[in-house]
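This is what each chain is made of:
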Amino acid sequence: MQDHPPEFPSDKASQDPAALPRIGFPDGRPETDQPGWRRAFPIDWDRDQFVSRRDFTRLMILTGLAFTGAQFGVGLASLRAGRARPEPKALARVEEIPVGETMRFHYPGPRDPILLTRLSAGVFVAYGQLCTHLQCPVVPRPELGRLECPCHNGWFDLAEGRPMAGPPRRPLTRIRLEIRDGVVHATGVEERTA
Amino acid sequence: MSPAEDGHTPDQRRILLDGILFLVGLILMLQLWLLTGTMEAFLGGDLEILWPAALASLACQALNLGLWRCLDQMEPR
Ligand code: FES
């Protein structure tokens, strides 16, 4: 039969301050000088900070790994994109488009809207209709000499497709054109950075 | 590794950790910059820059993994 309850090591430690593990408190004072609530929940501040910073650093390194993966993903996507050469396509007869007018077609695929504008008797330009900011369809304003994106009020100049105002930084995709036998043909797509 | 084994006091270890944290943050920002630049170039049809940028990002990551190893050898106490 046992006379005394079993003694736990923690009971001993609580009686003898010297036996307590050294814990770093925020104010730097020893545990015996800490208020009761802090002694009841003795968080080792130094250790806690070290561990959380170390884990945060690891998280950043893993984030960097994701960035590198994405970087290679873009590289692989470029291999696929680089190989595809769109076929030329007849868009419209020259006389079907009056000077200053814009018509909408799809090129190179059925989901790629483009805008063909006749600037003067012999000058045609065509651009992808999707804004280079966040892909909203741009609206032609030939009377003002520009294409406008209604989403965030981005403007592109009609003659070159370059951004004039608003959030877009890249020019619109340019569609290469050729006029053969009185018919305007789209012959290629030109992505541009500037 | 115990403090006696790596020979650093907790304060020294924290300073080392802060240094590593700073470097990793810097490298991460560089990687983010590379990625946004690469995306811009890709969407703009400039494909030449993509692989050099990917290799640069890989080099940054190798550096970061080296720093990770240093971190792994450091224990809080
Ligand atoms: S989507 Fe065109 S300006 Fe934002």
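Computed from a prediction, not measured in an experiment: that's the story for all the values here.

1. Structural notes on the state of the cysteines
All names here are of chain A.
Now for step 1: Overall, the coordinates contain 1 disulfide over all chains when judged by the stated rule.
Now for step 2: With its sulfur 1.8 Å from that of its partner, Cys-136 forms a disulfide with Cys-151. Here Cys-136 and Cys-151 share a disulfide; its torsion about the S-S bond, -90°, makes the bridge left-handed. Of this pair, Cys-136 sits in the loop between strand 4 (123-128) and strand 5 (139-141) while Cys-151 sits in the loop between strand 6 (146-149) and strand 7 (154-157); the two residues are 15 residues apart in sequence, bridging distant segments of the chain.
Now for step 3: When its relative accessible area of 38% is taken as the criterion, Cys-151 is described as partly exposed.

2. Some words on the interface of chain A and chain B
Now for step 1: Residue-level contacts link 35 residues of chain A with 40 residues of chain B.
Now for step 2: Carbon and sulfur atoms supply 70% of the area that chain A and chain B bury against each other, a total of about 3500 Å² over both sides.
Now for step 3: There are 2 salt bridges connecting chain A and chain B.
Now for step 4: For the salt bridge of Arg-53 of chain A with Asp-18 of chain B, the shortest nitrogen-to-oxygen distance reads 2.3 Å.
Now for step 5: For the pair chain A and chain B, the number of links is 9 residue pairs in polar contact (both at pLDDT 80 or more).

3. Here we look at the confidence of the model for chain B
All names here are of chain B.
Now for step 1: Across chain B, the average pLDDT comes to 85, with 88% of residues at 70 or higher.
Now for step 2: Confidence, read as mean pLDDT per element, is least for helix 1 (residues 3-6) in chain B (52) and greatest for helix 3 (residues 50-72) (92).
Now for step 3: Taken over the whole predicted complex, pTM reads 0.68, whereas the ipTM for its chain interfaces reads 0.86.

Conventions adopted
Throughout, residues of each chain are indexed from 1 in the direction in which the sequence is written. Just so you know, chain letters begin at A and ligand numbers begin at 1, following the order they were written in. Local features in this predicted model are restricted to residues whose pLDDT is 70 or higher, and side-chain atom pairs enter the listing and the counts only when it is 80 or higher, whereas totals over whole chains, interfaces and linings include all residues. To obtain the side-chain values, all non-hydrogen atoms of the structure were used and water was disregarded. Put simply, a disulfide is two cysteine sulfurs that come within 2.5 Å. What counts as a helix is a DSSP run of H or I of at least four residues, what counts as a strand is a run of E of at least two, and both are numbered from the N terminus. Buried, partly exposed and exposed residues are distinguished by accessible area as a fraction of the type maximum, computed with a 1.4 Å probe on protein chains only: under 20%, between the cut-offs, and over 50%, respectively. The contact criterion used is simple: two residues touch if any of their non-hydrogen atoms lie within 4.5 Å. Once two parts are brought into contact, the accessible area they lose, counted with a 1.4 Å probe and summed over both, makes up the buried area. By convention in these notes, a salt bridge is any Lys or Arg side-chain nitrogen within 4 Å of a carboxyl oxygen on Asp or Glu. In protein, a polar contact requires one atom able to donate a hydrogen and another able to accept it; more generally it is a pair of N or O atoms within 3.5 Å, and residues adjacent in sequence count only if both atoms are side-chain atoms. The pLDDT value expresses, per residue, how confident the predictor is, ranging between 0 and 100.

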